[in-house]
Amino acid sequence: MDPLEKIFGKTAQMTVLKNLIEHQNESTYLSGIAEETGLSHSSVSRVITPLIESGIVIEKPLGKQIRTFQLNMESDATRLIIDFYNKINQMLE
């Protein structure tokens, strides 16, 4: 079991956040996150919205209907989350 899941449980939002952390230097699409995590497109869309609103994730439109997503590495909150993720993984391995 993943260290974060041991502490916080397995939720769709945690799964999406973990996926974005693991690909932190890449932009991705909703469908890409859904495919990699096994979540439905609608679940990813639902749980990524609060991450965007909190400034942890940046959404960039690519054309009229396509949106890309990436962690906001300028955000103090994002950097703290990544630091916590890395440290908790080291401790619980």
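Residues numbered from 1 in each chain as written. Predicted model: local features only at pLDDT ≥ 70, side-chain atom pairs only at ≥ 80, totals over all residues. Heavy atoms only, no water.

Here we take up the sheet that holds strand β3 (residues 66-71). With antiparallel pairing, three strands are arranged side by side in an open sheet as β1-β3-β2. The sheet terminates laterally at β1 (28-29) and β2 (57-62), the two strands that pair on one side only. Of the pairings in the sheet, the one linking β2 to β3 comprises six bridges and is antiparallel in character. By the bridge assignment, Glu59 is partnered in β3 with Phe69. (Pairing = 2+ DSSP bridges. Helix = DSSP H or I, 4+ residues; strand = E, 2+ residues; numbered from the N terminus.)

On to the UniProt feature "domain: HTH iclR-type" (unreviewed entry) in the protein chain. As annotated by UniProt and renumbered to match this structure, "domain: HTH iclR-type" (unreviewed entry) occupies residues 20-57. Secondary structure within residues 20-57 divides into 63% helix and 8% strand; the distance between the first and last C-alpha atoms comes to 9 Å. (UniProt positions renumbered as here; feature names shortened; annotations may be inferred.)

This brings us to the pattern of salt bridges. A full pass over the atoms with the stated rule returns three salt bridges. Note that Glu59 is salt-bridged to Arg67, the shortest N-O span being 2.9 Å. Glu59 sits in the partly exposed class, given a relative accessible area of 32%. In this structure Arg67 comes out as partly exposed when scored by relative accessible area, which is 31%. Here Asp83 makes a salt bridge to Lys87, at a shortest N to O gap of 3.3 Å. Of this pair, Asp83 and Lys87 both sit in helix α5 (residues 76-92), separated by four residues, roughly a single helical turn. Judged by relative accessible area, which is 45%, Lys87 ranks as partly exposed. (Salt bridge = Lys/Arg side-chain N within 4 Å of Asp/Glu carboxyl O. Buried < 20%, exposed > 50% of the residue type's maximum accessible area, 1.4 Å probe, protein only.)

By secondary structure assignment, the location of Ser75 is in the loop between β3 and α5. According to the relative accessible area criterion, Ser75 is buried, its value standing at 13%. Polar side-chain contacts of Ser75 include one of 3.2 Å to the backbone nitrogen of Ala77. Separated by 3.2 Å, the side chain of Ser75 and the backbone nitrogen of Thr78 make a polar contact. (Polar contact = N/O pair within 3.5 Å; in protein donor to acceptor, adjacent residues only side chain to side chain.)

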